[in-house]
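The residues making up each chain are set out below.
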Amino acid sequence: LRQVATEVLVHTGQHFDANMSDVFFEELAIPKPDYHLGVGGGSHGAMTGAMLAKIEEVLLSERPDWVLVYGDTNSTLAGALAATKLHIPVAHVEAGLRSFNRRMPEEINRVLTDHASQLLFAPTQTAVRHLANEGVTEGVHRVGDVMFDATLHFKVRAQEKAGLLDDLGLKPEGYYLATVHRAENTDDPERLKAIFGTFPELDRPVVLPLHPRTRKRLEEQQFEGVLNHPNLRIIPPVGYLDMLMLQANAAAVLTDSGGVQKEAYFLGVPCRTLRDETEWDETLSGGWNVLVGADPEALKQALSERPSSERRLGDFGEGQAASLIASLISAAR
């Protein structure tokens with residue numbers, strides 16, 4: 001993007017843990033943010049409101065031609081709202097995703113951001129269709145998935161991190177990789193206990209980079225004792241390359257993360273999603289991804305099954321999404 005425009009990078013601080021933020025800038029060689037707003041923690045309303053005020057200050061100072069926002073976080077919505085209030089056009093990367101579960105904060109963020117945007121960069125044809133069903137057709141472009149770009153670019157480098165398996169005493173395909181952080185799981189005591197009560201019963205060790213939010217909820221529910229079970233390998237949150245390596249070598253991935261579902265699919269690793277719906281329907285083809293919710297028996301059954309067909313990676317583009325996005329923004333200036 002720097003080839004076609006001056007880019008001012010704003011880091012809200014929503015992901016304030018060094019292992020969940022700084023390491024990504026270092027590993028992916030992303031330039032240091034021009035602004036670091038330091039907004040992290042707190043309720044959704046408090047966090048989004050603080051971001052909105054601080055982003056507005058940046059926009060008043062910089063007076064950009066466009067505001068480019070990514071994904072479905074509170075940062076995404078705050079950036080879109082701040083720009084819209086100042087009559088600055090918004091471009092949204094990962095537009096058109098829908099889980100159709102309005103109880104998910106991310107679903108509200110992505111819907112509102114899409115309807116505030118002038119350029120909508122949809123990763124898949126399904127996303128384009130979702131937008132059309134909501135009456136949004138102008139400014140919509142199917143560009144492919146930027147995470148697909150990143151996975152193709154970095155997956156070879158990620159294998160250089162394989163020493164982590166030795167450190168954990170693991171062999172390729174000899175473990176499951178799990179991530180749990182979504183509010184629908186962490187904030188529901190019954191779902192949280194069902195998920196973490198199942199991990200020790202699985203036929204392989206479960207490697208779990210534990211999200212701070214999840215650890216806190218387990219402690220509040222007095223269920224943190226399960227973390228000491230010998231079948232669980234609890235590790236701190238890991239960087240992007242370590243995460244790709246752990247996914248690529250897992251027998252299966254167990255997750256409630258949208259991004260991890262996709263990365264598992266890109267890497268050819270079966271995924272069992274700890275949710276009742278997904279915004280990435282394409283990954284469900286051939287049984288590569290199976291929705292198991294918080295049902296212990298559904299998870300165990302799904303882990304015993306193998307994919308029945310080849311992946312359709314073309315659904316996510318040709319690995320040139322970033323270049324297409326840069327060109328479209330340049331043409332719109």
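Residues numbered from 1 in each chain as written. Predicted model: local features only at pLDDT ≥ 70, side-chain atom pairs only at ≥ 80, totals over all residues. Heavy atoms only, no water.

1. Some remarks on the overall build of the protein chain
Of the regular secondary structure elements, the protein chain holds 14 helices and twelve strands. Compactness check: the protein chain gives a C-alpha radius of gyration of 20 Å against a globular reference of 20 Å for 333 residues, within 12% of the reference. Judged by the C-alpha coordinates and their principal axes, the protein chain covers about 55 × 40 × 40 Å. The 333 residues of the protein chain split such that 51% are buried. Restricting the contact set of the protein chain to residue pairs at least 6 apart, pairs at least 24 apart contribute 65%. Just so you have it, the protein chain exposes about 15200 Å², and 50% of that area is on carbon and sulfur atoms. Looking at the protein chain, you have 32 positive and 46 negative side-chain charges, and the mean spots of the two groups are 0 Å apart. (Helix = DSSP H or I, 4+ residues; strand = E, 2+ residues; numbered from the N terminus. Rg over C-alpha atoms; globule rule 2.2 N^0.38 Å. Buried < 20%, exposed > 50% of the residue type's maximum accessible area, 1.4 Å probe, protein only. Contact = heavy atoms within 4.5 Å. Areas by Shrake-Rupley, 256 points an atom, 1.4 Å probe, with all protein chains shown as cover. Lys, Arg positive; Asp, Glu negative; His and termini not counted. Charge placed at Lys NZ, Arg CZ, Asp CG, Glu CD.)

2. Quick notes on the pattern of salt bridges
According to the stated counting rule, one finds 21 salt bridges in the structure shown. A salt bridge links aspartate 145 to lysine 262, with the shortest nitrogen-to-oxygen separation between them at 2.8 Å. Of the two residues, aspartate 145 is situated in the loop between strand 6 (140–142) and helix 6 (146–158) and lysine 262 in helix 12 (residues 258–267); the sequence distance between them amounts to 117 residues. Here aspartate 145 falls in the buried class, since its relative accessible area comes to 0%. Its salt-bridge partner being arginine 213, residue aspartate 187 comes within 3.1 Å of it at the nearest N-O pair. (Salt bridge = Lys/Arg side-chain N within 4 Å of Asp/Glu carboxyl O.)

3. Structural notes on the sheet that holds strand 5 (residues 119–122)
Spatial strand order, 3-4-5-6: four strands in an open sheet with parallel pairing. The open sheet terminates on both sides in strands that have one partner only, identified here as strand 3 (67–70) and strand 6. For this sheet the average axis-to-axis angle between neighbouring strands, irrespective of direction, equals 20°. As paired strands, strand 5 and strand 6 are joined by three bridges and run parallel to one another. Bridge pairing in strand 6 links alanine 122 to arginine 142. (Pairing = 2+ DSSP bridges. Axes fitted to C-alpha atoms, helices over the stretch in contact; angles between N-to-C directions.)

4. Brief notes about the pairing of strand 7 (residues 176–179)
Burial along strand 7 is two-sided: Tyr176 and Ala178 and Leu177 and Thr179, pointing in opposite directions, are all buried. Pairing analysis gives two bridges linking strand 7 to strand 8 (residues 206–209), with the strands arranged parallel. Of the residues in strand 8, the one forming a bridge with tyrosine 176 is valine 206. Bridge count between strand 7 and strand 10 (residues 252–255): four bridges; the pairing is parallel. Looking across to strand 10, one finds that alanine 178 is bridged to leucine 254.

5. What about the pairing of strand 3?
In regular strands, side chains alternate between the two faces of the sheet. Residues Val67 and Val69 of strand 3 are buried on one face, while the alternating residues Leu68 and Tyr70, pointing to the opposite face, are not. Alignment of strand 3 against strand 4 (residues 90–93), held across four bridges, turns out to be parallel. Bridging across to strand 4, valine 69 finds its partner in histidine 92. Read as a crossover between parallel neighbours, the route from strand 3 over helix 3 (residues 74–85) to strand 4 is right-handed. (Right-handed = clockwise from strand over helix to strand, strands pointing away.)

6. Remarks on unusual backbone geometry
Of note in this structure, alanine 29 is not a glycine but carries a positive phi near 55°. Tracing the sequence through the fold places alanine 29 in the loop between helix 1 (22–27) and strand 2 (35–36). For alanine 29, a relative accessible area of 66% puts it in the exposed group. Residue arginine 63 is not a glycine yet carries a positive backbone phi of 50°. Mapped onto the secondary structure, arginine 63 falls in the loop between helix 2 (44–62) and strand 3. Classification of arginine 63 as exposed rests on a relative accessible area of 54%.

7. Let's talk about helix 10 (residues 212–220)
Regarding helix 10, the residues found buried are Thr214, Arg217 and Leu218. Down the axis of helix 10, the smallest arc covering the buried residues is 100°, so these residues share one side. Packing partners of the buried residues in helix 10 comprise helix 8 (183–186) and helix 9 (189–198). Immediately downstream of helix 10, the backbone of glutamine 222 shows phi near 55°, a positive value. (Arc of directions from axis to C-beta.)

8. A short note on the sheet that holds strand 11 (residues 271–273)
Read from one edge to the other, the open sheet built from six strands follows the order 9-8-7-10-11-12, with strand pairing classed as parallel. Of all strands in the sheet, those bounded by a partner on one side alone are strand 9 (232–235) and strand 12 (289–291). With strand direction ignored, the average angle separating the axes of adjacent strands in the sheet is 20°. Taken strand by strand, helix 12 contacts strand 7, strand 10, strand 11 and strand 12, and its axis lies near 170° from that of strand 10.

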